[in-house]
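# Report on the structure
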Amino acid sequence: MAEPPPLVALGVLSSFGASGQASAAQYLGRRTSLRDGSRRFAQVGLNVRLTFLIATPPALTNRAALGDEQREHRDIFVLPMNESRFNCALKPLIWFAHCAIAFPQTHFYAIADDDTYLQLAHLEADVRSLLPMDDGALVLYGLVMWYAMYDNVTMVPHEAWGGWLPTDAMAVKLRRRIERCRDARGRALSSSHSARDPCTRMASASRETIARNGLADDVPPWPVVNGPLFAVSRSLARLLVDDPYPRTYLERLHGTARVRAALSRRNGPRKSNFGCWPVYDTVLGLWVTQIAKARNVAVRLVNMPVTRLHRSNP
């Protein structure tokens, strides 16, 4: 008898080489810790299928070692892409496309970071509480945050954060303030930092966006599900994979001045605290928002409480 499909196919982003602030040994330690911890949950392998997502290592010796680890644990999916700080938002799309073939009846496809403690029993219970649902339901699940501003010049979506609360009120308030600052600067009515100046105490990133005329009026405040763990329904995953917008975004991103300069350096991009830039969870939130707006479809946001499903590992 065939095994029933899992409720959640969970892809954990990891690496087989140094990336961001972590070394190859640290990534291996994280995978080992998650494997050991997942054994405490009977749901793993049944209701939550855990798979590590690793981009193709450039070195042949690393590829061989990766093959050995895969044969031992059988829980690794090698993404058909090279590791790249500026292309890592592609990883969820590749995982969703794989899940559509490997887990066609699974309700949710999830993404997690490998430096978190995943509370899989809570994840399984939360997802089960959402069933039964319409097979075509577009659901974005996770710790919902809101962002106020998108810079159409740098294509950075992770500026002007609206706050932790699962409401757009804070983001809308901040967006209106940014627009007032832009309008005031455009009219050149105020250059001082008086109490009435809407640019007073505004984040430097917001002021820089205004200065370069990068504020995208066609991108409203949008929801983002926090990167350590989030999920999309099967139908939303299919929409993200099939729509051209995500790949068009990545192509345009690689044409921006900042990315071109970083990639053209003789020794490659400078070392950065960002293993992924722009941050992939805000990129995905932007994609969902723009695709839903263009297609005039509704996406259901399901918010999870802070620390209920994941905690940062010490």
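The structure we're discussing is the one just above.
## Overview of the state of the cysteines
Within this structure, the stated rule accounts for two disulfides. Paired by a disulfide, Cys 88 and Cys 276 hold their sulfur atoms 1.8 Å apart. Taking the sign of the S-S torsion, about 95 degrees here, the bridge from Cys 88 to Cys 276 comes out right-handed. Here Cys 88 is found in the loop between β3 (76–82) and α3 (90–102), whereas its partner Cys 276 is found in the loop between α9 (257–264) and α10 (280–295), with 188 residues between them in sequence. Of the two residues, Cys 88 and Cys 276, both sit in the buried class.

## Describing the sheet that holds strand β4 (residues 108–113)
Read from one edge to the other, the open sheet built from seven strands follows the order β3-β2-β1-β4-β7-β6-β8, with strand pairing classed as mixed. Both outer strands of the open sheet, β3 and β8 (300–303), are each paired with one neighbouring strand and no more. With strand direction ignored, the average angle separating the axes of adjacent strands in the sheet is 50 degrees. Sheet strands touched by helix α1 (residues 24–38): β1 (8–13), β2 (48–56) and β3. Its angle to β2, the strand with the most contacts, is close to 170 degrees.

## Looking at the pattern of salt bridges
On inspection of all chains with the given rule, the structure shows 14 salt bridges. A salt bridge links Arg 35 to Asp 75, with the shortest nitrogen-to-oxygen separation between them at 2.7 Å. With Arg 35 in helix α1 and Asp 75 in the loop between α2 (60–73) and β3, this residue pair connects regions lying 40 residues apart in the sequence. The residues Arg 35 and Asp 75 share a single accessibility class, namely buried. Through salt bridges with shared partners, a single network forms among Arg 31, Arg 35, Glu 69 and Asp 75.

## Side note on unusual backbone geometry
The omega torsion across Leu 131 and Pro 132 is -5 degrees, close enough to zero to call that bond cis. Take Pro 132: it is sitting in the loop between α4 (120–129) and β6 (139–147). In the segment running from Trp 277 into Pro 278, the intervening peptide bond is cis, with an omega of -10 degrees. Tracing the backbone shows Pro 278 in the loop between α9 and α10. If you check the backbone angles, Arg 74 has positive phi at about 55 degrees while not being a glycine. Its location among the elements puts Arg 74 in the loop between α2 and β3. Taking the relative accessible area as the measure of exposure, Arg 74 reaches 70% and is therefore exposed. At Asn 213, a position not held by glycine, the phi torsion is positive, near 60 degrees.

## Describing the pairing of β2
Counting buried residues along β2, seven of its nine residues qualify, which places the element largely inside the surrounding structure. Relative to β2, β1 runs parallel, the two sharing six bridges. Bridge pairing links Ala 9 to Arg 49 in β2. For β2 and β3, the ladder comprises five bridges, and the chain directions are parallel. When the bridges of β3 are listed, Leu 53 appears paired with Phe 77.

## Observations concerning the environment of Val 172
Looking at the element boundaries, Val 172 is found in helix α5 (residues 169–187). According to the relative accessible area criterion, Val 172 is partly exposed, its value standing at 24%.

## Comments concerning the packing of helix α8 (residues 245–254) against α10
α10 packs onto α8 with a crossing angle of 130 degrees between their chain directions and a minimal axis gap of 10 Å. Comparing their axes, α10 and α8 come out oblique. Between α8 and α10 lies a crossing whose hand is right-handed. Of α10, the residues touching α8 (which contributes Tyr 245, Pro 246, Tyr 249 and Leu 250) are Val 283, Leu 286, Trp 287, Gln 290 and Ile 291.

## Section: the packing of α3 against helix α7 (residues 234–242)
One way to put it is that α3 packs onto α7 with a least axis distance of 9 Å and a crossing angle of 120 degrees. Classified by the interaxial angle, the pair formed by α3 and α7 is oblique. Here α3 runs over α7; the crossing is left-handed. Residues Leu 93, Phe 96 and Ala 97 of α3 form the contact with α7, whose participating residues are Ala 237, Leu 240 and Val 241.

## What to know about the nonpolar core
In this structure, Trp 95, Phe 96, Leu 240 and Tyr 249 are the most contacted members of the largest nonpolar core, which totals 63 residues. Per element, the largest residue contribution to this core is seven residues, and it comes from α10. Beyond its immediate sequence surroundings of up to four residues, Phe 96 is in contact with Tyr 109, Ile 111, Val 232, Ala 237, Leu 240, Val 241 and Leu 284. Counting 30 residues, the second-largest nonpolar core is a separate cluster that includes Phe 16, Leu 50, Ala 110 and Leu 143.

Calculation criteria
- Residues numbered from 1 in each chain as written.
- Predicted model: local features only at pLDDT ≥ 70, side-chain atom pairs only at ≥ 80, totals over all residues.
- Heavy atoms only, no water.
- Disulfide = S-S within 2.5 Å.
- Helix = DSSP H or I, 4+ residues; strand = E, 2+ residues; numbered from the N terminus.
- Buried < 20%, exposed > 50% of the residue type's maximum accessible area, 1.4 Å probe, protein only.
- Pairing = 2+ DSSP bridges.
- Axes fitted to C-alpha atoms, helices over the stretch in contact; angles between N-to-C directions.
- Contact = heavy atoms within 4.5 Å.
- Salt bridge = Lys/Arg side-chain N within 4 Å of Asp/Glu carboxyl O.
- Parallel < 35°, antiparallel > 145°, perpendicular 65-115°, else oblique.
- Left-handed = near helix turned anticlockwise from the far one by under 90°.
- Core = buried A, V, L, I, M, F, W, Y, C linked by side-chain atoms within 4.5 Å.

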